[in-house]
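Inside the fold
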Amino acid sequence: MKQVKILMVCLGNICRSPLAQGILENKVDPKKVSVDSAGTAAYHQGNSPDPRSIAIAQKNGIDISHQKARKFTKHDFSIFSRIYVMDLSNYQNIIAIAENDYERAKVHFILNHHEEVPDPYYGNEDGFINCYELLDNACNRIVKSLN
Ligand code: 4NP
C-alpha cells in the first residue's frame, strides 16, 4: 500500500501545525502515514516549536521538541497527498500558490465547516489547551477518514 503523506499548515509553523503533526503522528502507523508541517510565513524558519506547544504536547505524552519550523513551498503540492490548514488566511495563502485543480483539491480545513483553529501565539496557556483539544478531535476524524 502506498504511504499517505499529510502536511499540516499554519502561519508560523511553531504553534498549531507542529502540534497537529505530533498529535496525528501519535495516532497512525508511520509505515502507512507520514506527517509533516510547514508555515505560510518564514518568520520562525529553523526554530523549535513554541515552548507552550511543546508543553501541552508533553502533558499529553507527545514529544514535538525535535521539530523545526520551515516555510511551505510550491513543491509541497507534489510531495503531499493531503494538506490541512488551520484557518482561512492559511487557506488563501496556499490556494494562491496552487497551479491547478488537482493541487487545489489537496487543500482542506482541518476543522469541519471551514471553522478556524484560533491562533494561540499572542494569548495565554488556555489558548494552547483549546488548540490541543480542537486538533486532537480533528486528528481522530482524519484517522477515521484514512480507514
Ligand atoms: P502558528 O502561530 O501560526 O500557529 O505557528 C503563530 C506563530 C508566530 C506568529 C504568528 C502565529 N508570529 O507572528 O510570529
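Now for a description of the structure that goes with this document. It should be emphasised that the depicted structure is a prediction, and the values quoted were computed from it without experimental measurement. (Residues numbered from 1 in each chain as written. Predicted model: local features only at pLDDT ≥ 70, side-chain atom pairs only at ≥ 80, totals over all residues. Heavy atoms only, no water.)

1. Let's talk about the sheet that holds strand 1 (residues 4-10)
Spatially, 2-1-3-4 is the arrangement adopted by the 4 strands of the open sheet, whose pairing is parallel. Looking at the sheet topology across the chains shown, the edges are occupied by strand 2 (33-39) and strand 4 (107-109). Taking each pair of neighbouring strands and ignoring which way they run, the sheet shows an average axis angle of 25°. Sheet topology places strand 1 next to strand 2; 7 bridges connect them, and they run parallel. (Pairing = 2+ DSSP bridges. Helix = DSSP H or I, 4+ residues; strand = E, 2+ residues; numbered from the N terminus. Axes fitted to C-alpha atoms, helices over the stretch in contact; angles between N-to-C directions.)

2. Section: the side chain of Asn 13
Structurally, Asn 13 can be placed in the loop between strand 1 and helix 1 (16-25). At a separation of 2.9 Å, a polar atom in the side chain of Asn 13 contacts the side chain of Ser 17. A distance of 2.9 Å separates the side chain of Asn 13 from the side chain of Ser 37, its partner in a polar contact. Leaving out residues up to four positions away in the same chain, Asn 13 has contacts with Pro 18, Ser 37, Ala 38, Gly 39, Lys 68, Ala 69 and Arg 70. (Polar contact = N/O pair within 3.5 Å; in protein donor to acceptor, adjacent residues only side chain to side chain. Contact = heavy atoms within 4.5 Å.)

3. Overview of the site of the ligand
In the vicinity of the ligand, the contacting residues are Cys 10, Leu 11, Gly 12, Asn 13, Ile 14, Cys 15, Arg 16, Tyr 43, His 44, Asp 119, Tyr 121 and Tyr 122. Gly 12 is positioned with one of its backbone polar atoms (N or O) 2.8 Å from an oxygen atom of the ligand. Here Cys 15 contributes a backbone N or O atom positioned 2.9 Å from an oxygen atom of the ligand. The protein chains hide 93% of the 350 Å² of surface that the ligand would expose on its own. Looking at the shell around the ligand residue by residue, the class counts come to 7 nonpolar, 3 polar and 2 charged. (Near = heavy atom within 4 Å. Areas by Shrake-Rupley, 256 points an atom, 1.4 Å probe, with all protein chains shown as cover. Nonpolar A, V, L, I, M, F, W, Y, C, P; charged D, E, K, R; others polar.)

4. Digging into unusual backbone geometry
Its identity as a non-glycine residue notwithstanding, Asn 13 has a phi of 60°, on the positive side. For Asn 13, a relative accessible area of 2% translates into the label buried. (Buried < 20%, exposed > 50% of the residue type's maximum accessible area, 1.4 Å probe, protein only.)

5. Some remarks on the pattern of salt bridges
Side chains bearing opposite charge may pair, as long as their charged atoms lie close to each other. Summed over all chains, the structure comprises 9 salt bridges. The salt bridge involving Asp 87 is made with Arg 16; its shortest N-O contact spans 3.0 Å. Of the two residues, Asp 87 sits in the loop between strand 3 (82-85) and helix 4 (88-97) while Arg 16 sits in helix 1, which places them 71 residues apart along the sequence. Asp 87 sits in the buried class, given a relative accessible area of 11%. Between Asp 119 and Arg 16 there is a salt bridge whose closest N-O contact spans 3.9 Å. Placement of the pair is Asp 119 in the loop between strand 4 and helix 6 (125-146) and Arg 16 in helix 1, with a sequence separation of 103 residues. A network of salt bridges, in which partner residues are shared, links Arg 16, Asp 87 and Asp 119. (Salt bridge = Lys/Arg side-chain N within 4 Å of Asp/Glu carboxyl O.)

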